[in-house]
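Each chain, letter by letter, is given below.
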Amino acid sequence: MDIVNPNAKTGWRHEREEASLSDVYRSVQTHKHGTRWRRIAAFLGPGYMVAVGYMDPGNWATSLAGGSKFGYALLTVALLSNLMAIVLQSLCARLAIGSGRDLAQACRDAFPKYVSVPLWAFAEVAIIATDIAEVIGTAIGLNLLFGIPLELGVLITSLDVFLILYLQKIGFRWVEAFVIALLGIIAVCFGVQIFLADPEWGAVIRGFFPTTEIVSNPEMLYLALGILGATVMPHNLYLHSGIVQTRAYGHSVPEKREALTYATIDSTIALCFALLINASILILAAAAFHANGKTDVVELGEASALLSPLLGLAIAPTLFGIALLCCGLNSTVTATLAGQIVMEGFLKIRLQPWVRRLITRAIAIIPAAFVTIWYGDQGTAELLILTQVVLSLQLSFAVFPLVMFTASKAKMGALVAPRWLSAIAYVIAVLIAGLNVKLLFDFVTG
């Protein structure tokens, strides 16, 4: 393992230690002497696992509510969130490759305990909020397709940890292949539904241009922040900075620069693809519900039931259920990995991989299952949207440290972020924080 020289002057307080996800650390060969395209292909994968955050069931709830109530107006938020995500995920790859640390390890190293421990707590809250959304979505998908009660569906979702253990045992590329295969199914399902909905494409294009009403209308701002929180998800920042290190790139500066270039290409392409899926959810809601006077559709089950009569084909709700189930499965896989990275990085836990995954999964799944069973079939939409707003409120506690670390020459060395990139990232961080303050002010003042 590449260990930092303890005598070298760096901006970090401690030597680099064992990487998170140590059982798959640098396990994917990057074909150093292969063709350029083969080397690029070796880095494809982590970006698509990050892109899953665009399509988690919580995002469905916010997009369905936004599309049914405001039509295509919030598409501009999806686009803005996508651009923010591209910048921030490129910084995650830069931090991992330049410093050899994931974001959780970097926070523990750079900050005293009275700062790092609250940051860990905020990260866990974000992962629990993520898991609540994913557990609910997966359970609803199972209910729509197979009639399985929500309570039983919640328990079934907890078994994903064993799927991860099996896939990682045979190779991390299998985890990535599983995620990408489900993404393909989701894309096909939405492609068919959009074709059936036949949206007004002129209105769709206009929806990508911003309007001041998004900030001035508290209800629209609430949904906009929900979309933002569902897109630029806090746990994705920890996840990407960890799984990038599954690649066996070299230790020299030129090799690291090449790895950063390929990792950035991977995440950017994946996030652009995810924008199409993310926008499709909102477009479907606007075309199928808002255009037909159904402006209060927020429940996933209700949306599925309405699609058949509105689109005229019985297959529409089935496609909706399949896509929702695939989204839930994908999201629980990536959230479980993010939970392990957060716990190992912040708390420096040293346990067997399967024990660590069971513990991190339990921390998230137990409160998620309790809340889901407590709410039952009613009120799941409000809960889903609330989880996404919680994610948005937690986002600043991950974004500001990330931007600070990658802008530091002492910490990043030759791979320090260019000043223009750091400036853009700081603007994004301040914008997110400002929008959250506005949301809290509107909430307090009623």
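Residues numbered from 1 in each chain as written. Predicted model: local features only at pLDDT ≥ 70, side-chain atom pairs only at ≥ 80, totals over all residues. Heavy atoms only, no water.

An unreviewed UniProt entry lists the chain under the name Divalent metal cation transporter MntH, with Rhizobium altiplani given as the organism. Among the UniProt annotations of the chain, the heading Function (unreviewed entry) holds the following wording: "H(+)-stimulated, divalent metal cation uptake system." (UniProt positions renumbered as here; feature names shortened; annotations may be inferred.)

A.B. asks: Give a detailed account of the packing of aromatic side chains, specifying residues and quantitative values.
C.D. replies: By convention here, two paired aromatic rings are described through the distance between centres and the angle between planes. Summed over all chains, the structure comprises 6 aromatic pairs. Judged by centre distance (5.6 Å) and plane angle (55°), the ring pair of Trp12 and Phe405 falls under tilted. With Trp12 in the segment before helix H1 (36-43) and Phe405 in helix H18 (residues 380-406), this residue pair connects regions lying 393 residues apart in the sequence. Judged by its relative accessible area of 8%, Trp12 is buried. Ring geometry for Tyr48 against Phe273: centres 6.5 Å apart, planes inclined by 55°, an arrangement best described as tilted. Note that Tyr48 is positioned in helix H2 (residues 46-51) and Phe273 in helix H14 (residues 253-288), a separation of 225 residues in sequence. The structure contains a cluster of three or more aromatic residues connected by ring pairs, namely Trp12, Phe111 and Phe405. Here Arg26 stacks its cationic end above the ring of Tyr249, 4.3 Å away from the centre of that ring. Across from the ring centre of Trp12, 5.4 Å away, lies the NZ or CZ of Lys411, which sits over that ring. (Phe/Tyr/Trp six-rings, centres within 6.5 Å; stacked < 30°, edge-to-face > 60°. Helix = DSSP H or I, 4+ residues; strand = E, 2+ residues; numbered from the N terminus. Buried < 20%, exposed > 50% of the residue type's maximum accessible area, 1.4 Å probe, protein only. Lys NZ or Arg CZ within 6 Å of the ring centre and 35° of its normal.)

A.B. asks: So what's going on with the pattern of salt bridges? Residues and values would help.
C.D. replies: Tallying each qualifying case throughout the model produces 6 salt bridges. Lys69 is the salt-bridge partner of Glu219, the closest N and O atoms lying 3.5 Å from each other. Here Lys69 lies in helix H3 (residues 57-70) and Glu219 lies in helix H12 (residues 218-231), a separation of 150 residues in the sequence. Close ionic contact of Arg206 with Glu200 constitutes a salt bridge, the shortest N to O distance being 3.7 Å. The class of Arg206 is exposed, set by a relative accessible area of 54%. Since its relative accessible area comes to 51%, Glu200 is described here as exposed. (Salt bridge = Lys/Arg side-chain N within 4 Å of Asp/Glu carboxyl O.)

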